[in-house]
Amino acid sequence: MDLDLRDKAALVTGASRGIGLATVKALTAEGARVVAVARTTTKELAATGVTVVHADLSTAEGAHTAVDGAQDAVGDLDVLVNNVGGAVGDMAGGFADFDDEKWHAVWQLNFLAAVRVIRRALPGLHRTRGAVVNVSSIGARMPGQGPMPYTTAKAALTAFGTALAQEQGRHGVRVNTVSPGPTRTGLWIGESEAGARLAAARGVDQETLARQVLAELGFTTGRVIEPEEVAAAIVFLASPRAGSTNGADYHVDGGINRAP
Ligand SMILES: NC(=O)c1ccc[n+]([C@@H]2O[C@H](COP(=O)([O-])OP(=O)(O)OC[C@H]3O[C@@H](n4cnc5c(N)ncnc54)[C@H](OP(=O)(O)O)[C@@H]3O)[C@@H](O)[C@H]2O)c1
């Protein structure tokens, strides 16, 4: 199926590895003109040949740098993927272990980054009648199953996507959410300090941590999710083929969310 994304201008945040990198590759394969945003350029991202903008998306200034840099490179955005997010530093422990500074840092990255990037990009999205996809987490629907600052920030992001879709639909801008479950990225396979700390807190290695989490969450598909599977959902929702889908929350979660 041709997704009708050829030559479309796209921005992907958190794009140097994991789900963001897989999304960059999938959009590029569809012929989109892609700008990737992260603080660093990995070898794998450089190999895609896309334009890279370096920005720290946990700050307002970084969000503006990202959008302005992308628009300078490819013009008004047809597609905006707010993928950046995840753990910030040490996320082990319970409610009493997270001080204001931690809550603030996690919400900046997992909620406010998307708010700020969308606000900056919105005039251009109105002109293109573009599409936004926010990457949340199935933890938004299961907030007791992960670090509270993270799951509640993702719950806010999912709710924000629904509200924004209702408001912006009348301007021709669609907003959808993709909510992954445990996906084979740095958190589970060794690149991430947060993953290593979570595993250490349980006294296991990261592969074992992933297996334990799958069992505890009751994966119906029996295996960890691949970043490319999440990227496929993101790219479809961003494409004109999903032109009648607005305000959806699409779960790529191995069937762990049991709610109807
Ligand atoms: N992996 C999972 O199991 C899972 C499950 C549910 C939801 N998710 C969500 O899916 C999204 C992607 O997760 P992932 O696992 O693919 O992440 P990842 O592998 O940890 O990659 C995170 C990306 O974000 C960039 N990044 C981190 N902090 C940044 C900052 N302050 N400013 C700019 N860029 C920053 C990183 O690049 P630099 O370090 O170069 O900046 C990297 O490219 C996140 O929103 C996450 O919450 C993931």
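The structure under discussion appears in the preceding block.
Cut-off values and rules
- Residues numbered from 1 in each chain as written.
- Predicted model: local features only at pLDDT ≥ 70, side-chain atom pairs only at ≥ 80, totals over all residues.
- Pairing = 2+ DSSP bridges.
- Helix = DSSP H or I, 4+ residues; strand = E, 2+ residues; numbered from the N terminus.
- Axes fitted to C-alpha atoms, helices over the stretch in contact; angles between N-to-C directions.
- Contact = placed C-beta atoms within 7 Å.
- Near = placed C-beta within 6 Å.
- Nonpolar A, V, L, I, M, F, W, Y, C, P; charged D, E, K, R; others polar.
- Domains from an automatic or database assignment.
- Buried ≥ 20, exposed ≤ 12 C-beta atoms within 10 Å, placed from the backbone.
- Right-handed = clockwise from strand over helix to strand, strands pointing away.

Participant: How do you make sense of the sheet that holds strand 4 (residues 79-82) when you look at a structure like this?
Facilitator: Sheet strands line up and pair through hydrogen bonds in the backbone, either parallel or antiparallel. Pairing within the open sheet is parallel, and its seven strands lie in the order 3-2-1-4-5-6-7. Either end of the sheet is taken by a strand with one partner, and the two such strands are strand 3 (51-54) and strand 7 (249-252). When the angles between neighbouring strand axes are averaged without regard to direction, this sheet yields 20 degrees. Strand direction decides the pairing type here: strand 1 (residues 9-13) and strand 4, joined by three bridges, are parallel. Its bridge partner lying in strand 4, V12 is registered against V81. Set on the sheet, helix 1 (residues 18-29) makes contact with strand 1, strand 2 (33-38), strand 4, strand 5 (131-135) and strand 6 (174-180); between it and strand 1 the angle comes to about 165 degrees.

Participant: For this particular structure, what's the right way to read the site of the ligand?
Facilitator: The immediate surroundings of the ligand are formed by 28 residues, with G14, G18, R39, G85 and T185 found nearest. Within the residue set of the shell around the ligand, elements represented by two or more residues are helix 1 and helix 6 (186-189). The element best represented in the shell around the ligand is helix 1, accounting for three residues. The residue makeup of the shell around the ligand, split by class, is 11 nonpolar, 14 polar and three charged. Built from parts of two domains, the shell around the ligand gets at least three residues from each of domain 1 (9-181 + 226-250) and domain 2 (182-224).

Participant: Help me understand the pairing of strand 5 in this model?
Facilitator: Across a regular strand the side chains alternate sides, sitting on one face of the sheet and then on the other. Taken across its five residues, strand 5 has five buried, putting it largely inside the fold. Side chains of strand 5 alternate between two faces, with A131, V133 and V135 and V132 and N134 buried alike. As judged from the four bridges shared by strand 4 and strand 5, these two strands associate in the parallel manner. Within strand 5, the position partnered with V81 by the bridge is V133. For the crossover that starts at strand 4, traverses helix 4 (residues 100-128) and ends in the parallel strand 5, the hand is right-handed.

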